[in-house]
Amino acid sequence: MTEDFRAPPELLRAQALANLSDNKIRIPVIGIRLGLDFIIGLIPGVGDFIMACVSMFIVRLAMKMGVPKSLIFSMLKNILIDFLLGLIPVVGDFFDLFYKSNEKNVRLMEMWWVSRKHQDIKKYSQEKLAAWEKTQN
């Protein structure tokens, strides 16, 4: 039954992509984390488009997982905000440091997946606890 609690490969891949695009590099002293979204986003227009494509791949992974359309819509909204504000020179680059749409989208995926598995996890934990309690008597 433990296998049921492993994150699906689509979620693991989305987590890795979000980390790479939003948080991979930590700036020493000030502690701000940035990723390829910030670096590639410095290329006017083209960089933001490339990173929007990466973001859309994360949405595709969410769709493969079966994430509901309402969450897909929220994910697309996050990408649109990131893309449009990223197009503004200088302000958009600064915005990319703090508005991490891929990280937000992966958190939506994670919360949805955990909410679907919550009852199974709770039942499994109770069974394990009951089995352990029997060994203590």
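The coordinates are above.
Residues numbered from 1 in each chain as written. Predicted model: local features only at pLDDT ≥ 70, side-chain atom pairs only at ≥ 80, totals over all residues. Heavy atoms only, no water.

## Some points on the overall build of the protein
For step 1, the next point in the chain: Each helix and strand counted, the protein has six helices and two strands in total.
For step 2, the next point in the chain: Compactness check: the protein gives a C-alpha radius of gyration of 19 Å against a globular reference of 14 Å for 137 residues, more than 25% above the reference.
For step 3, the next point in the chain: For the protein, the C-alpha atoms occupy an extent of roughly 70 × 40 × 20 Å along the three principal directions.
For step 4, the next point in the chain: Evaluated residue by residue, the protein yields a buried proportion of 36% over its 137 residues.
For step 5, the next point in the chain: If you take every contact in the protein between residues at least 6 apart in sequence, the share linking residues at least 24 apart comes to 65%.
For step 6, the next point in the chain: As displayed, the protein has an accessible area near 8600 Å², and 66% of this comes from carbon and sulfur atoms.
For step 7, the next point in the chain: Treating the 18 positive side-chain charges of the protein as one cloud and the 14 negative ones as another, the clouds have centres 5 Å apart. (Helix = DSSP H or I, 4+ residues; strand = E, 2+ residues; numbered from the N terminus. Rg over C-alpha atoms; globule rule 2.2 N^0.38 Å. Buried < 20%, exposed > 50% of the residue type's maximum accessible area, 1.4 Å probe, protein only. Contact = heavy atoms within 4.5 Å. Areas by Shrake-Rupley, 256 points an atom, 1.4 Å probe, with all protein chains shown as cover. Lys, Arg positive; Asp, Glu negative; His and termini not counted. Charge placed at Lys NZ, Arg CZ, Asp CG, Glu CD.)

## Here's the deal with helix α6 (residues 101–136)
For step 1, the next point in the chain: Taken as a whole, α6 carries its principal kink of about 50° at K117.
For step 2, the next point in the chain: Burial in α6 covers these residues: S101, N102, N105, V106, L108, M109, E110, W112, W113, K117 and Y124.
For step 3, the next point in the chain: Buried-residue contacts for α6 involve α1 (9–23), α3 (46–65) and α4 (69–86). (Bend = angle between axes of the 7 residues up to and from the residue.)

## Some details on the side chain of N102
For step 1, the next point in the chain: Structurally, N102 is set in helix α6.
For step 2, the next point in the chain: Using a relative accessible area of 1% as the deciding quantity, one classes N102 as buried.
For step 3, the next point in the chain: Aside from chain neighbours lying at most four places away, what touches N102 is A18, S21, D22, S55 and I58.

## Describing the packing of α4 against α6
For step 1, the next point in the chain: Direction vectors running N to C along α4 and α6 enclose 170°, while the axes themselves pass 9 Å from each other. Classified by the interaxial angle, the pair formed by α4 and α6 is roughly antiparallel. Side by side, α4 and α6 meet where L71, S74, M75, N78, I79 and D82 of the first sit next to S101, K104, N105, L108, M109 and W112 of the second.
For step 2, the next point in the chain: Along the lines of polarity and charge, the residues of the contact of α4 with α6 split into six nonpolar, four polar and two charged. (Axes fitted to C-alpha atoms, helices over the stretch in contact; angles between N-to-C directions. Parallel < 35°, antiparallel > 145°, perpendicular 65-115°, else oblique. Nonpolar A, V, L, I, M, F, W, Y, C, P; charged D, E, K, R; others polar.)

## Focus on the packing of aromatic side chains
For step 1, the next point in the chain: Following the criterion strictly, the structure yields two aromatic pairs and no others.
For step 2, the next point in the chain: Judged by centre distance (4.9 Å) and plane angle (15°), the rings of F95 and Y99 are stacked. (Phe/Tyr/Trp six-rings, centres within 6.5 Å; stacked < 30°, edge-to-face > 60°.)

## Some points on the pattern of salt bridges
For step 1, the next point in the chain: Throughout the structure, instances matching the rule amount to one salt bridge.
For step 2, the next point in the chain: Of the charged contacts, one joins R107 and E110 as a salt bridge, the two residues approaching to 3.0 Å between their closest N and O atoms. On the criterion of helical spacing, the pair formed by R107 and E110 is a turn pair, its members being three residues apart in helix α6.
For step 3, the next point in the chain: Judged by its relative accessible area of 40%, R107 is partly exposed. (Salt bridge = Lys/Arg side-chain N within 4 Å of Asp/Glu carboxyl O.)

## Side note on the environment of N102
For step 1, the next point in the chain: N102 sits eleven residues away from W113 along the chain, and the two C-alpha atoms are 16 Å apart.
For step 2, the next point in the chain: Only 2.7 Å separates the side chain of N102 from the side chain of S55, close enough to count as a polar contact. (Polar contact = N/O pair within 3.5 Å; in protein donor to acceptor, adjacent residues only side chain to side chain.)

## Concerning the side chain of D22
For step 1, the next point in the chain: Within the fold, D22 resides in helix α1.
For step 2, the next point in the chain: Buried charge without a partner: D22 forms no salt bridge, and the closest opposite charge is K100, 5.8 Å away.
For step 3, the next point in the chain: Among the polar contacts made by the side chain of D22, one reaches the main-chain amide nitrogen of E103 at a distance of 2.8 Å.
For step 4, the next point in the chain: Filtering out sequence-adjacent residues up to four positions away, D22 remains in contact with R33, L34, G35, D37, K100, S101, N102 and E103.

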